[in-house]
Amino acid sequence: MREAMAAAEVGDDVLDGDPTMAALQDRVAELVGTEAALWTPSGSMGNIIAMMAHLKRGDAFLAPAGAHVLDAELGTPAWLAGGMPRPLPHDAGPGRISPDAVVRAAGKDAPYYALRTTLLCLENTHMSAGGTVTEVDQHAALAAAARDAGLTVHLDGARLWHAAVALGLPPAALTVGVDTVQVCLSKGLGAPVGSVVAGSAEFIAEARRLRKMLGGGVRQGGVLAAAGLVALDNIERLAEDHVRAARLASGLAERGWQVNEPATNIVLMWPADLSSTLRRFEQAGVLAVPMGNAVRFVTHGDLTDADIETALARIGPVEAPSTRPA
Ligand SMILES: Cc1ncc(COP(=O)(O)O)c(C=O)c1O
């Protein structure tokens, strides 16, 4: 990846374009099945650009509870894009909402003084639910219900690649019916920087203005886009991370810990005492982050099978009964 970055052909992406950026954007647009795409420095910027394009003050948007746009982007959809967040409960399984809930929440015949619900923001995989996958039929039904209710649809596909690999399908199968999608080149795919927001050519023209407004236009961006192109060669490799996450989860369960059954590369564990458990793990040389009441482990390309066994040996058996919230 670093060699590709050093050798990248570059231009000035703020002025008249950068050939490696253009190549990356074209490749992502093709992968996710949209007309055009635009590189952004981060997934958060890709999401907020889409939300700024879709929302106006006085609007509301729907998203599954715990979505990154709701809980981990510092409220920017509200204060930068002007849309009030409306979390929907996971009534169709972990990380998943039902088309009926979308239609009900869209609330078509609201009085003039009510917020106008104009956008559904989906997340696949759903990170805080433990990397859960929304399958193709469920996704298509949600997008269709939203459109019938007059909503625009944005997909936060930071880990869309994981969902596609878990289902054995091309990523474009999971973007059917969406107006815009954001995908990350960092995280599991391993680029140091970069995401891509994708949609129609008209949306991308507006997204380019919004990216500049947010300070996200870069000059010889080809250096970063080259990393993204190498990252995209790593999509199929994500299957190895999924196998390692499954092994980590089963090993933890064998040791008495309460864990999810991972659908992709995220393992959640519910210990009796979160902070003392994290401290104990850190002392044993295993780093994990808290998420709500859970410990979150993520498997990625820098880990081997042996690393998983080492982590399990260091974590050891549970000391106190753990409690997984209902
Ligand atoms: C689901 C989801 N969306 C968006 C993001 C934001 O990506 P970034 O950290 O590149 O801003 C993340 C980051 O973890 C994420 O998990």
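Our subject is the structure that appears above.
Residues numbered from 1 in each chain as written. Predicted model: local features only at pLDDT ≥ 70, side-chain atom pairs only at ≥ 80, totals over all residues. Heavy atoms only, no water.

Caption draft 1: The packing of helix H11 (residues 238–254) against helix H13 (residues 305–315), seen in detail. As a packed pair, H11 and H13 sit with axes 10 Å apart at the nearest point and diverge in direction by 20°. Looking at the two axes, H11 sits roughly parallel to H13. The way H11 lies across H13 gives a crossing that is right-handed. On the side of H11, the interface is formed by Arg244, Arg247, Leu248, Gly251 and Leu252, while H13 contributes Asp305, Ile308, Glu309, Leu312 and Ile315. Residue composition of the contact of H11 with H13, by class: 5 nonpolar, 1 polar and 4 charged. (Axes fitted to C-alpha atoms, helices over the stretch in contact; angles between N-to-C directions. Helix = DSSP H or I, 4+ residues; strand = E, 2+ residues; numbered from the N terminus. Parallel < 35°, antiparallel > 145°, perpendicular 65-115°, else oblique. Left-handed = near helix turned anticlockwise from the far one by under 90°. Contact = heavy atoms within 4.5 Å. Nonpolar A, V, L, I, M, F, W, Y, C, P; charged D, E, K, R; others polar.)

Caption draft 2: Looking closely at the site of the ligand. The full set of residues close to the ligand is Ser42, Gly43, Ser44, Asn47, His68, Glu73, Glu123, Met127, Asp156, Ala158, Arg159 and Lys187. Interatomic distance of 2.8 Å between a backbone N/O atom of Gly43 and an oxygen atom of the ligand. Here Asp156 contributes a side-chain N or O atom positioned 2.6 Å from a nitrogen atom of the ligand. Look at the ligand: alone it shows 380 Å² of surface, and the protein chains cover 82% of it. Of all the elements, helix H3 (residues 43–54) adds the most residues to the shell around the ligand, at 3 residues. Within the shell around the ligand, the residues separate by chemical class into 2 nonpolar, 5 polar and 5 charged. (Near = heavy atom within 4 Å. Polar contact = N/O pair within 3.5 Å; in protein donor to acceptor, adjacent residues only side chain to side chain. Areas by Shrake-Rupley, 256 points an atom, 1.4 Å probe, with all protein chains shown as cover.)

Caption draft 3: Broad picture of the pattern of salt bridges. Using the criterion set out here, one finds 12 salt bridges in the structure. We note a salt bridge from Arg244 to Glu240, for which the minimum N-O separation is 3.8 Å. Of this pair, Arg244 and Glu240 both sit in helix H11, 4 residues apart, which is roughly one turn of the helix. Relative accessible area serves as the criterion here: at 39%, Glu240 is assigned to the partly exposed category. In the salt-bridge network here, residues are joined through shared partners; they are Arg237, Glu240, Asp241, Arg244 and Asp305. (Salt bridge = Lys/Arg side-chain N within 4 Å of Asp/Glu carboxyl O. Buried < 20%, exposed > 50% of the residue type's maximum accessible area, 1.4 Å probe, protein only.)

Caption draft 4: Layout of the sheet that holds strand S8 (residues 266–269). Strand order in the open sheet made by the 3 strands is S8-S10-S9, with antiparallel pairing throughout. One side of each edge strand has no neighbouring strand; the edge strands of this open sheet are S8 and strand S9 (289–291). Adjacent strand axes in the sheet meet at a mean angle of 40°, parallel and antiparallel pairs treated alike. Sheet analysis places S8 next to strand S10 (residues 294–298), joined by 4 bridges and oriented antiparallel. The residue of S10 that forms the bridge with Val267 is Phe297. The strands that H11 touches are S8 and S10; relative to S8, the one it contacts most, it runs at about 20°. Packing against the sheet, helix H12 (residues 274–283) makes contact with S8, S9 and S10, and its axis sits at approximately 35° to S10. (Pairing = 2+ DSSP bridges.)

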